[in-house]
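Listed below are the residues making up each chain.
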Amino acid sequence: MWTMSAGVTRTRLWRLSQRRRRMTLLLHVISAGAWIGIDVVVAVLVLTGWFAADVDVRSLAYRALAEFVVWPMLASGLVCLATGVLLGVGTKWGLVRYRWVAVKLVLNLVLCTLIVVVLQPGMDAVGTYGEHLLTGTPSSSRVRTLFFPPAVSLSTLTFATALAIYKPWGRLRRSTRRADS
Ligand code: HEM
């Protein structure tokens, strides 16, 4: 605990050292970038599945979506969440001290939940649709709504990146208290 000049005291909790903060921030930014990159790949695969002239290419796009996308996306989302929480708890920003951090926390949690609850369960059907394209018997309508996940995720992650850079809206609650209270 230390006393600030205006008679305000603040309890100093655990803090990341400068070196660890930088390493955590590096991992945080890399995982956020990887997450955005995976979303771009998903958008490209969905558009390929919809519009490619060659049915083999369309089939491959759907099978690749079903096979390779969800787990790397979830992994980068969870690393981003874990490093973000570490940065929040271990720096002056706090976890729910500033609005921009609290909003990013909620957005990250919502996106990770959507990956597990909405995206992942539909992937088998997408892979099967890709296989059936080759035999001429596609029967799933799920692929029509496939563009929503990357569109929602990309715009949310862009917003979260903008929050990280501009840090708007100030404090959510005061973490200081009067020495005489
Ligand atoms: C939703 C996905 C997220 C994205 C795309 C993202 C992106 C970023 C980026 C690009 C920075 C670097 C900004 C800069 O140095 O100017 C950053 C910093 C930061 N992020 Fe995130 N973030 C995300 C989630 C989170 C979460 C969940 C938290 C905490 C609950 C968090 C807390 C922080 C903090 C505290 C910093 C500042 C670290 C410092 O300067 O010491 N972020 N974020």
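Residues numbered from 1 in each chain as written. Predicted model: local features only at pLDDT ≥ 70, side-chain atom pairs only at ≥ 80, totals over all residues. Heavy atoms only, no water.

Asker: Quick question: what am I supposed to make of empty space enclosed by the protein here?
Answerer: To locate leftover empty space, one rolls a probe as large as a water molecule over the atoms. As enumerated under the stated definition, the model contains 1 cavity of 30 Å³ or more in all. By volume, the largest cavity is sized at about 40 Å³. As for the largest cavity, its lining consists of Val42, Val46, Leu65, Val69, Leu119, Met123, Leu146, Pro149 and Pro150. For the lining of the largest cavity, the secondary-structure elements that each account for two or more residues are helix H1 (18-51), helix H4 (99-135) and helix H5 (148-166). Across the lining of the largest cavity, the residue classes break down as 9 nonpolar, no polar and no charged. (1 Å grid on protein atoms, 1.4 Å probe; cavity = no way out; pocket = protein on both sides within 12 Å on 5 of 7 lines; lining within 4 Å. Points joined across faces, edges and corners; volume = space filled by probe spheres on them. Helix = DSSP H or I, 4+ residues; strand = E, 2+ residues; numbered from the N terminus. Nonpolar A, V, L, I, M, F, W, Y, C, P; charged D, E, K, R; others polar.)

Asker: It is not clear to me how the UniProt feature "transmembrane region" (unreviewed entry) in the chain should be interpreted in this structure. Could you clarify?
Answerer: Within the UniProt annotation, "transmembrane region" (unreviewed entry) is assigned to residues 25-53, 68-89, 101-123 and 143-166. Each end of residues 25-53 is marked by a C-alpha atom, and these two atoms are 43 Å apart; helix forms 93% of the span and strand 0%. Secondary structure across residues 101-123 comprises 100% helix and 0% strand; the distance between its end C-alpha atoms is 32 Å. (UniProt positions renumbered as here; feature names shortened; annotations may be inferred.)

Asker: Explain the coordination of the iron atom of the ligand here, please?
Answerer: Ideal values differ by geometry: the angle at a metal is 109.5 degrees with four tetrahedral donors, but 90 or 180 degrees with six octahedral donors. Those donors, His28 (NE2) and Lys104 (NZ), are the protein atoms that reach the iron atom of the ligand, and they lie 1.8 to 2.0 Å from it. Considering all 6 donor atoms around the iron atom of the ligand, angles at the metal cover 85 to 178° and the coordination shape is octahedral. With His28 in helix H1 and Lys104 in helix H4, the pair connects residues that are 76 residues apart, well separated along the chain. The two residues His28 and Lys104 agree in class, both being buried. (Donors = N, O, S within 2.8 Å, 3.2 Å for Na, K, Ca; no water. Tetrahedral: all angles 85-135°; square planar, octahedral: opposite > 155°, others 65-115°. Buried < 20%, exposed > 50% of the residue type's maximum accessible area, 1.4 Å probe, protein only.)

Asker: In this structure, what is going on with the packing of H1 against H5? I would like to understand it.
Answerer: The relative placement of two packed helices is expressed as an angle between their axes plus a distance between the axes. With their axes 9 Å apart at the nearest point, H1 and H5 run at an angle of 155° to one another. It follows from the interaxial angle that H1 and H5 lie roughly antiparallel. Crossing handedness for the pair H1 and H5: left-handed. Here Trp35, Ile36, Asp39, Val40, Val42 and Ala43 of H1 come into contact with H5, specifically with Pro150, Ser153, Leu154, Leu157 and Thr161. (Axes fitted to C-alpha atoms, helices over the stretch in contact; angles between N-to-C directions. Parallel < 35°, antiparallel > 145°, perpendicular 65-115°, else oblique. Left-handed = near helix turned anticlockwise from the far one by under 90°. Contact = heavy atoms within 4.5 Å.)

Asker: Looking at this structure, I do not really get H1. What am I missing?
Answerer: With 34 residues, H1 extends 49 Å from end C-alpha to end C-alpha; this agrees with the ideal 50 Å at 1.5 Å per step. The complete set of buried residues in H1 reads Thr24, His28, Ser31, Trp35, Ile38, Asp39, Val42, Ala43, Leu45, Val46 and Gly49. (Expected span 1.5 Å × (residues − 1).)

Asker: Even after reading the chapter, I still don't get the site of the ligand, so can you show me in this structure?
Answerer: In the region of the ligand, 24 residues are neighbours, and Arg21, His28, Gly84, Lys104 and Ala164 sit closest. In this structure, a nitrogen atom belonging to the ligand sits 2.8 Å away from a side-chain N or O atom of His28. Applying the majority rule of atoms within 2 Å of the grid points places the ligand in the largest pocket. Broken down by secondary-structure element, the contributors of at least two residues to the shell around the ligand are H1, helix H3 (70-90), H4 and H5. Broken down by element, the residue count for the shell around the ligand peaks at 6 residues, all from H3. Its residues assigned to classes, the shell around the ligand shows 15 nonpolar, 6 polar and 3 charged. (Near = heavy atom within 4 Å. Polar contact = N/O pair within 3.5 Å; in protein donor to acceptor, adjacent residues only side chain to side chain. Sits in = over half its atoms within 2 Å of the grid points.)

Asker: Mind showing me how you'd approach the nonpolar core here?
Answerer: A general tendency of soluble globular proteins is for nonpolar side chains to be buried together. Trp35, Val42, Tyr62, Leu65, Met73 and Leu146 are the most contacted members of the largest nonpolar core, which totals 25 residues. Among the elements of the structure, H1, helix H2 (55-68), H3 and H4 are those that each provide at least two residues to this core. It is H4 that contributes the most residues to this core, 8 residues altogether. Every residue in contact with Leu146, bar those within four places of it in the chain, is listed here: Val46, Tyr62, Leu65, Met123 and Val126. (Core = buried A, V, L, I, M, F, W, Y, C linked by side-chain atoms within 4.5 Å.)

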